[in-house]
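A look at the structure
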Amino acid sequence: MNASRCAAARDPALVSAYLATSYRVDAPGGRIVLRIGQRSRPLERVLRRSRAQCWAYVTACNPASRSLSGWRNAARARRLARLAAAWGLRTLPGEGVGEDPAWGAEASLLVLGVAPARAIRLARQFGQYAIVVGRRGAAPRLEWCRA
């Protein structure tokens, strides 16, 4: 989605928070930390082994960037994992960790082999403003989900 069409994309503090987040993935062989705009060799290895060309990083926590309680976020994360499995998506667990310590880590999934449009549909079901997406050989980028 074009960032200019999304109200959240016009909020500089929110954009800065998303850009400053570490998107962690618990992959076979160890944890991978993804950052928007920075290529990751460990992620490239995971993509090659899984024969995936594209991926998305999705959370169900804190919809519309509104903080929810821990138990509500945990329930939403379980629902996201069940839905991804029902859609036949291959996933690895992770957590998004922002720079602001007041904002807790968000349980997340790295979804392998999913096109951005399909990942956006998944994220919209959980009220997310944005996801992180990428392709083999390219740096992760922020993709806005909401108009």
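Structure first, text after, so check above.
Residues numbered from 1 in each chain as written. Predicted model: local features only at pLDDT ≥ 70, side-chain atom pairs only at ≥ 80, totals over all residues. Heavy atoms only, no water.

Some points on the overall build of the chain
Each helix and strand counted, the chain has 4 helices and 7 strands in total. For the chain, the N- to C-terminal ordering of α and β elements is α-β-β-α-β-α-β-β-α-β-β. In terms of C-alpha radius of gyration, the chain reaches 14 Å, essentially the compact-globule figure of 15 Å for 147 residues. Each principal axis of the C-alpha atoms in the chain carries an extent, and together these give about 35 × 30 × 30 Å. For the chain, with 147 residues in total, the buried portion stands at 44%. Restricting to contacts in the chain with at least 6 residues of sequence separation, those with at least 24 account for 62%. Roughly 7,700 Å² of accessible area belongs to the chain as shown, and the carbon and sulfur atoms make up 50% of that amount. For the chain, the distance from the average site of its 25 positive side-chain charges to the average site of its 8 negative ones is 10 Å. (Helix = DSSP H or I, 4+ residues; strand = E, 2+ residues; numbered from the N terminus. Rg over C-alpha atoms; globule rule 2.2 N^0.38 Å. Buried < 20%, exposed > 50% of the residue type's maximum accessible area, 1.4 Å probe, protein only. Contact = heavy atoms within 4.5 Å. Areas by Shrake-Rupley, 256 points an atom, 1.4 Å probe, with all protein chains shown as cover. Lys, Arg positive; Asp, Glu negative; His and termini not counted. Charge placed at Lys NZ, Arg CZ, Asp CG, Glu CD.)

Comments concerning helix α2 (residues 41–50)
Listed as buried for α2 are Leu43, Glu44, Val46, Leu47 and Ser50. Summarising the axial view, the buried residues of α2 lie within an arc of 160 degrees, below the 170-degree limit, and thus occupy one face. Exposed residues pointing more than 90 degrees away from the buried face of α2 are listed as Arg41 and Arg49. Residues of α2 that are buried make contact with β1 (22–27), β2 (30–34), β3 (54–59), β4 (90–97), β5 (106–112) and β6 (130–135). One side-chain oxygen of the residue at the start of α2 lies 3.1 Å from the amide nitrogen of Leu43, identifying that residue as Ser40. Arg51 occupies a position one or two residues after α2 and carries a positive phi of about 60 degrees. (Arc of directions from axis to C-beta. Polar contact = N/O pair within 3.5 Å; in protein donor to acceptor, adjacent residues only side chain to side chain.)

As for the sheet that holds β2
An order of β2-β1-β4-β5-β3-β6-β7 is seen for the 7 strands of this open sheet, with the pairing classed as antiparallel. Single-partner strands in this sheet number two, and they are β2 and β7 (141–144). With strand direction ignored, the average angle separating the axes of adjacent strands in the sheet is 30 degrees. Across 5 bridges, β3 lies against β5 in antiparallel orientation. Bridge pairing in β5 links Trp55 to Leu112. (Pairing = 2+ DSSP bridges. Axes fitted to C-alpha atoms, helices over the stretch in contact; angles between N-to-C directions.)

Describing the pattern of salt bridges
Any two side chains of opposite charge can pair, so long as their charged atoms come close to each other. Under the definition given, this model contains 4 salt bridges. We note a salt bridge from Glu95 to Arg24, for which the minimum N-O separation is 3.7 Å. Pair noted here: Glu95 is in strand β4 and Arg24 is in strand β1, with a separation of 71 residues, a long-range link. With relative accessibility at 25%, the residue Arg24 sits in the partly exposed group. Between Glu143 and Arg141 there is a salt bridge, and its shortest N-O distance comes to 3.4 Å. (Salt bridge = Lys/Arg side-chain N within 4 Å of Asp/Glu carboxyl O.)

Quick word on the layout of surface pockets
If you add up the space inside the largest pocket, you get close to 490 Å³. Along the walls of the largest pocket sit 26 residues, with Ala17, Tyr18, Thr21, Trp103 and Glu106 positioned nearest its centre. Of all elements in the fold, only α1 (12–20), β3, β4, β5 and β6 reach the threshold of two or more residues within the lining of the largest pocket. (1 Å grid on protein atoms, 1.4 Å probe; cavity = no way out; pocket = protein on both sides within 12 Å on 5 of 7 lines; lining within 4 Å. Points joined across faces, edges and corners; volume = space filled by probe spheres on them.)

Remarks on a positive patch on the surface
Side chains of Arg39, Arg41, Arg45, Arg48, Arg49 and Arg136 sit close together on the surface and give a patch of like positive charge. Taking the relative accessible area as the measure of exposure, Arg41 reaches 70% and is therefore exposed. (Patch = residues over 30% accessible without salt bridge, like charges linked within 9 Å, V, L, I, M, F, W, Y side chains within 5 Å.)

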